Amino acid sequence: MKRVYLDANATTPLDPRVRAAMEPYLDCGNASSPHAEGRAARDAIDRARADVAALIGVVDQEIVFTSGGTESNGMALLGGLRASGKNRALCSAVEHPSVLRTLLALRPATDIVVAPVDRGGRVDADLEIPEDTGIVSIMRANNETGAIQPVAPIAARAAAAGALMHTDAVQACGKIPVSARDLGVHMLSMSAHKFHGPKGVGALWVSREVKIGPLYHGGEHERGLRSGTENVGAVVGFGEAARIARQEMEARLARWRELGATLEARIRAEVPQVIVNSPEDPGDRVPNTLNVTIPGVEGEAALLGVDLEGFAVATGSACSSGAAEPSHVLRAMGLSEEHTEQSLRISMHAQTCEKDVISFVNTLARVVKNLRALSV
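Everything quoted here is computed from the prediction, not taken from an experiment.

Draft legend 1. Structural context of the overall build of the protein. Per the secondary structure count, the protein includes 11 helices and 12 strands. Computed over its C-alpha atoms, the radius of gyration of the protein comes to 21 Å, within 12% of the 21 Å expected for a compact globule of 376 residues. Each of the three principal axes of the protein carries a C-alpha extent, and together these read 70 × 50 × 35 Å. Buried positions account for 57% of the 376 residues belonging to the protein. Put simply, 72% of the contacts in the protein that link residues at least 6 apart link residues at least 24 apart.

Next comes the structure, spelled out in structure tokens:
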């Protein structure tokens, strides 16, 4: 049975071209060594850094490689807050746990302001920034609903308040055009495996205007912000994935918009009573993502039902797998606990095709019908 993978917001399949680019560097020299093997590794990292920087329109030297989005977020938040010299931070109620929990763990010593969102999961563009705020962190795109946040106007307000601005762009980079400069932020987080790169490698863009300290000390790798011998193969893969994503962005967007429209229309038509949780306007969400609630059917039951038929989807954030608590994102949007537990997230990747989408919806409709019949 051919499997159809529709959980791309958790991770994406490794692009064969990325795998091929990584192969020569999986057993190579230490990039800090002065010999030929070390210089070859350093050159490969430098090329990758340039490709990653080009994806978000910044200077190579401003890119700091990390182990992924979680580390990038932690480095930005803790380093930025420390550098600001202030004792208040602001984020939204729908941030990724690596942002929300990192900040909430600083209470009560630090004042953490959590901004609400509307029914579409979006923050108010005219968000008030309290005085003495050290850092504001608003994600570019939500991992569960795909909602695109109005980062640029909020960044302008943060600048006026004298606060640093960070955006978690893990779910946006490689899916929609992202320009760190146009957004007006000081720091931006990325992760390779969200757009067909390898797992375990990410990056934090830190503007030259900002001076933050490291999370931990050691050598002077990555501008002194991230000590440790570089994972050259993974970094090279990240660079190649970024290069491909930039080259194929327009084609991917066009395909996802078409597939997303088909997915939503067919689910609405074939799954009675379905509620769409992603923003109503397709322009307000990344086009590869759709979050729905299916009244009368537990999300876990629907997930297992379609999984047995060969389809992989999700009930929420992959980082919350196994958690008993319902999605904090959907609860923040005003959904009841019952409707939150009846939700599914469908997220497409670059190789998803129309046949995959149509066969998935047909299967979901059948699974939902059977589950509802069992509950009568």
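After that view, the rundown keeps rolling.
Draft legend 2. Expanded view of empty space enclosed by the protein. Using the criterion set out here, one finds 1 cavity of 30 Å³ or more in the structure. Taken as a whole, the largest cavity holds about 40 Å³ of empty space. Taken together, Thr-12, Lys-175, Lys-194, Phe-195, His-196, Trp-256, Asn-288, Met-348, His-349 and Ala-350 make up the full set of residues lining the largest cavity. Of the residues contributing to the lining of the largest cavity, the split by class is 4 nonpolar, 4 polar and 2 charged.

Draft legend 3. Structural view of the pairing of strand S10 (residues 289-293). Counting buried positions along S10 yields 5 of 5 residues, so the element is predominantly enclosed. Residues Thr-289, Asn-291 and Thr-293 point to one face of S10 and Leu-290 and Val-292 to the other, with burial holding for every one of them. Looking at chain direction, strand S9 (residues 275-276) and S10 are connected through 2 bridges and run antiparallel. Bridge assignment links Val-276 to a residue of S10, and that residue is Val-292. Where S10 meets strand S12 (residues 343-347), 5 bridges bridge the pair, whose relative direction is antiparallel. Within the sheet, the bridge partner assigned to Thr-289 lies in S12 and is Ser-347.

Draft legend 4. How the structure looks around the environment of Glu-354. Structurally, Glu-354 is set in helix H11 (residues 354-375). With relative accessibility at 43%, the residue Glu-354 sits in the partly exposed group. Between the C-alpha atom of Glu-354 and that of Leu-263, which follows or precedes it by 91 residues, the distance is 8.7 Å.

Draft legend 5. Broad picture of the sheet that holds strand S6 (residues 164-168). Pairing is mixed across the open sheet formed by 7 strands, whose spatial order is S2-S8-S7-S6-S5-S3-S4. Strands at the two margins of the open sheet, each flanked by one partner only, are strand S2 (63-66) and strand S4 (111-115). Direction aside, the axes of adjacent strands within the sheet are offset by 20 degrees on average. Pairing of strand S5 (residues 135-137) with S6 involves 3 bridges; the strand directions are parallel. Looking at the pairing, Ser-137 lines up with His-166 of S6. On top of the sheet, helix H4 (residues 97-104) reaches strand S3 (88-92), S4, S5 and S6; it is set at about 150 degrees to S3, its chief contact.

Draft legend 6. Expanded view of the packing of aromatic side chains. For the structure shown, the criterion picks out 3 aromatic pairs. Plain terms: the ring middles of Phe-65 and Phe-238 are 5.9 Å apart, the flat faces sit at 65 degrees to each other, and that makes the pair edge-to-face. Highlighted residues: Phe-65 in strand S2 and Phe-238 in helix H7 (residues 232-270), separated in sequence by 173 residues. For the pair formed by Phe-65 and Phe-238, the shared burial category is buried. Measuring from ring centre to ring centre gives 6.1 Å for Phe-195 and Phe-238, while their planes differ by 55 degrees; the resulting arrangement is tilted. Of this pair, Phe-195 sits in the loop between strand S7 (187-191) and strand S8 (202-206) while Phe-238 is found in helix H7, placing the two residues 43 residues apart along the sequence. In terms of burial, Phe-195 and Phe-238 fall into one category: buried. In this structure an aromatic cluster arises from ring pairing among Phe-65, Phe-195 and Phe-238.

Draft legend 7. Region of the structure containing the packing of helix H3 (residues 69-84) against H4. Contact pair H3 / H4: the axes reach a minimum separation of 9 Å and the direction vectors enclose 35 degrees. Here H3 runs over H4; the crossing is right-handed. Residues Thr-70, Asn-73, Leu-77 and Leu-78 of H3 form the contact with H4, whose own contacting residues are Ser-98, Val-99, Thr-102 and Leu-103. Grouping the amino acids of the contact of H3 with H4 by side-chain chemistry returns 4 nonpolar, 4 polar and no charged.

Draft legend 8. Region of the structure containing H11. Here H11 is 22 residues long and its end C-alpha atoms lie 32 Å apart, about the 32 Å a rise of 1.5 Å per residue gives. Those residues of H11 lying buried are Asp-356, Val-357, Phe-360, Val-361, Thr-363, Leu-364, Ala-365, Val-367, Val-368 and Arg-372.

Draft legend 9. Up close: helix H2 (residues 36-56). Counted at 1.5 Å a residue, the expected span for H2 with its 21 residues is 30 Å, and the 31 Å between its end C-alpha atoms agrees. Taken as a whole, H2 has its buried residues at Gly-38, Ala-41, Ala-44, Ile-45, Ala-48, Arg-49, Val-52, Ala-53, Leu-55 and Ile-56. Considering only its buried residues, H2 is in contact with S2, helix H6 (180-183), S7, S8 and H7.

Draft legend 10. Geometry of the packing of H2 against H7. It is the contact of H2 with H7, at a shortest axis distance of 8 Å, that shows an interaxial angle of 35 degrees. The crossing of H2 and H7 is left-handed. Here Ala-41, Ala-44, Ile-45, Ala-48, Asp-51, Val-52, Ala-54 and Leu-55 of H2 come into contact with H7, specifically with Val-232, Val-235, Val-236, Phe-238, Gly-239, Ala-242, Arg-243, Ala-245, Arg-246 and Met-249. Taken together, the residues of the contact of H2 with H7 sort by class into 14 nonpolar, 1 polar and 3 charged.

Criteria and cut-off values
- Throughout this description, residue numbers start from 1 for each chain and increase along the sequence as written.
- Local features are withheld for residues below a pLDDT of 70 in this predicted model, meaning they are given only at 70 or higher, and side-chain atom pairs are given and counted only at 80 or more; totals for whole chains, interfaces and linings count all residues.
- Excluding hydrogens and water, the side-chain values take into account all heavy atoms of the structure.
- Secondary structure elements are defined from DSSP: runs of H or I of at least 4 residues count as helices, runs of E of at least 2 residues count as strands, and each element is numbered from the N terminus.
- All radius of gyration figures rest on C-alpha atoms, and the globule criterion is 2.2 Å times the number of residues raised to 0.38.
- Residue burial is assigned from relative accessible area. The probe radius is 1.4 Å, only protein chains are included, and a residue is buried under 20% of its type maximum, exposed over 50%, and partly exposed in between.
- A contact between two residues is defined here by any heavy atoms of the two lying within 4.5 Å.
- A cavity here means a set of points on a 1 Å grid, drawn over the protein atoms and nothing else, where a 1.4 Å probe fits but cannot get out; a pocket is an open set with protein on both sides within 12 Å along at least five of seven lines, and a residue lines either one if it has an atom within 4 Å of a point.
- Grid points are joined across faces, edges and corners, and a volume is the space filled by probe spheres set on the points.
- In the scheme used here, Gly and all other residues not listed as nonpolar or charged are polar, with Ala, Val, Leu, Ile, Met, Phe, Trp, Tyr, Cys and Pro taken as nonpolar and Asp, Glu, Lys and Arg as charged.
- Pairing between strands requires that DSSP locate at least two bridges from one strand to the other.
- Under this scheme, a helix contributes an axis fitted over its contacting stretch, all axes are lines through C-alpha atoms, and angles between N-to-C directions fall in the 0 to 180 degree range.
- Paired rings are identified among Phe, Tyr and Trp, the last through its six-membered ring, by centres lying within 6.5 Å, and are further divided according to the angle between planes into stacked (under 30 degrees), edge-to-face (over 60) and tilted (the rest).
- Handedness of a helix crossing follows the sense of rotation of the near helix relative to the far helix, less than a right angle counterclockwise being left-handed and clockwise being right-handed.
- To estimate the expected span of a helix, count its residues, drop one, and scale the result by 1.5 Å.

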